[in-house]
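# Results of the structural survey
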Amino acid sequence: MLKPTGSIYVHLDWHAVHYVKVAMDEIFGYGNFRNEIIWHYGARATVRKSGLPRKHDTILLYSKSSKYTFNPIYRPYKDTEMKRYNKRDEKGQYALIKRKRRDGTVYYGKSYVNEKGAPETDVWDIPTMASTSRERLGYPTQKPEALLERIIKASSKPGDLILDPFCGCGTALAVAQRLGRRWIGIDAEMPACVVMQQRLDKLGSRPEIIDEVELMTEAKLRDMKPALFQAWAVKAVQGRMNRKLSADGGIDGWTIVGDPIQVKRSDRVGVKVVREFQTVIQDDNRMGGIIIAFGFTSGAIKKAEDAKSKYGINIELKTVKELLQ
Ligand SMILES: C[S@@+](CC[C@H](N)C(=O)[O-])C[C@H]1O[C@@H](n2cnc3c(N)ncnc32)[C@H](O)[C@@H]1O
């Protein structure tokens, strides 16, 4: 699948990286191994009696052949490094560096500050996202955009195609979109696809989910974060999400015909919820809507039947079980 001039980055932690390295050597060839990148994601650690605190993951970089794109990476100089560059002439800021001639004699040469920054090495200091980060989407394994930005900039040009076959909430895709690359994402989980679709929507792309591999179970949905469960439920009835997560006026999404959708994590959605949803539908000048939940009381079912017979309002009560079928 990878182009002859393409590169592949495989991100792993200590559990698997050494086994996968051996497999990658077999598949791509030992000679096409380019870098073992250490992603150092945090400095704060607590003492462990069983060993050193783990603070890095490994990213293996292979190219398909000896012809591949690689754009060197630069990082800002650290203050301590800048202290060496304490002289200036018409060409810029420089440090005097002691060098040796072939005959062993010593002289001082000028080393100028590189305007692009200091060359980045194979050890990357990129913190994981803070819990308050604006980047956070609530997807459990979301990676920082800074990490993906480095990878994509280093190994591709604008217009190139990026594939992330385990793309979670779509960090690689969002960065690729922002950097003018084309992209394809794959994820086995429906909520991931929905979250990434919305993320890319906001960046002005109109992504399509072209195939759905349904591996979802009721147990997984019960464990899921509320926003992800909501995204799954709305998508399961081919709906469109309400982007407002709070103060949403009781509307979590809309069906293709524009009727409101409400999602509840309850096993016993009762009369009150149905009554209030009927008001939401009427306030929205609609004649129908869907409530999705794990279960409904008999009172709620009766209330929905009454709404239909007395007011012609069609409130569909859909259980998660039905949607999974
Ligand atoms: C570590 S997460 C990726 C996180 C992503 N980089 C981000 O920033 O959100 C790995 C993803 O792989 C997906 N996954 C696991 N097994 C898969 C499979 N066999 N096929 C496709 N996706 C899979 C999971 O659903 C999960 O979203």
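Residues numbered from 1 in each chain as written. Predicted model: local features only at pLDDT ≥ 70, side-chain atom pairs only at ≥ 80, totals over all residues. Heavy atoms only, no water.

### A look at the overall build of the protein
Secondary structure assignment for the protein yields 10 helices and 16 strands. Here the C-alpha atoms of the protein give a radius of gyration of 27 Å, more than 25% beyond the 20 Å that 2.2 N^0.38 yields for 325 residues. Each principal axis of the C-alpha atoms in the protein carries an extent, and together these give about 100 × 50 × 45 Å. Here the protein, with 325 residues, has 41% of them falling under the buried criterion. Long-range contacts, defined here as pairs at least 24 residues apart, represent 59% of the contacts in the protein between residues at least 6 apart. Accessible surface for the protein amounts to roughly 19,900 Å². Of this, 53% is attributable to carbon and sulfur atoms. Averaged over its 55 positive side-chain charges, the protein has a centre that lies 7 Å from the centre of its 39 negative ones. (Helix = DSSP H or I, 4+ residues; strand = E, 2+ residues; numbered from the N terminus. Rg over C-alpha atoms; globule rule 2.2 N^0.38 Å. Buried < 20%, exposed > 50% of the residue type's maximum accessible area, 1.4 Å probe, protein only. Contact = heavy atoms within 4.5 Å. Areas by Shrake-Rupley, 256 points an atom, 1.4 Å probe, with all protein chains shown as cover. Lys, Arg positive; Asp, Glu negative; His and termini not counted. Charge placed at Lys NZ, Arg CZ, Asp CG, Glu CD.)

### A look at helix H9 (residues 298–311)
The end-to-end C-alpha distance of H9, which contains 14 residues, comes to 20 Å, matching closely the 20 Å that a straight helix rising 1.5 Å per residue would cover. Its buried side turned inward, H9 meets helix H8 (271–283) and strand E16 (314–319). Two residues or fewer past H9, Gly-312 is found with a positive phi of approximately 70°. (Expected span 1.5 Å × (residues − 1).)

### Re the packing of helix H4 (residues 171–178) against helix H5 (residues 190–202)
In helix packing, the relevant descriptors are the interaxial angle and the interaxial distance, both defined with respect to the helix axes. With their axes 9 Å apart at the nearest point, H4 and H5 run at an angle of 15° to one another. As the angle between them shows, H4 and H5 are arranged roughly parallel. Remark: the crossing between H4 and H5 carries right-handed chirality. Across the interface between the two elements, Thr-171, Leu-173, Ala-174 and Gln-177 of H4 pack against Met-196, Arg-199 and Leu-200 of H5. For the contact of H4 with H5, a count of residues per class yields 4 nonpolar, 2 polar and 1 charged. (Axes fitted to C-alpha atoms, helices over the stretch in contact; angles between N-to-C directions. Parallel < 35°, antiparallel > 145°, perpendicular 65-115°, else oblique. Left-handed = near helix turned anticlockwise from the far one by under 90°. Nonpolar A, V, L, I, M, F, W, Y, C, P; charged D, E, K, R; others polar.)

### A closer look at the pattern of salt bridges
Here the structure, examined in full by the defined rule, presents 19 salt bridges. The shortest N-O distance in the salt bridge between Glu-149 and Lys-153 comes to 2.9 Å. Residue Glu-149 and its partner Lys-153 are both found in helix H3 (residues 145–155); the two are separated by 4 residues, about one turn of the helix. Here Lys-153 falls in the partly exposed class, since its relative accessible area comes to 41%. (Salt bridge = Lys/Arg side-chain N within 4 Å of Asp/Glu carboxyl O.)

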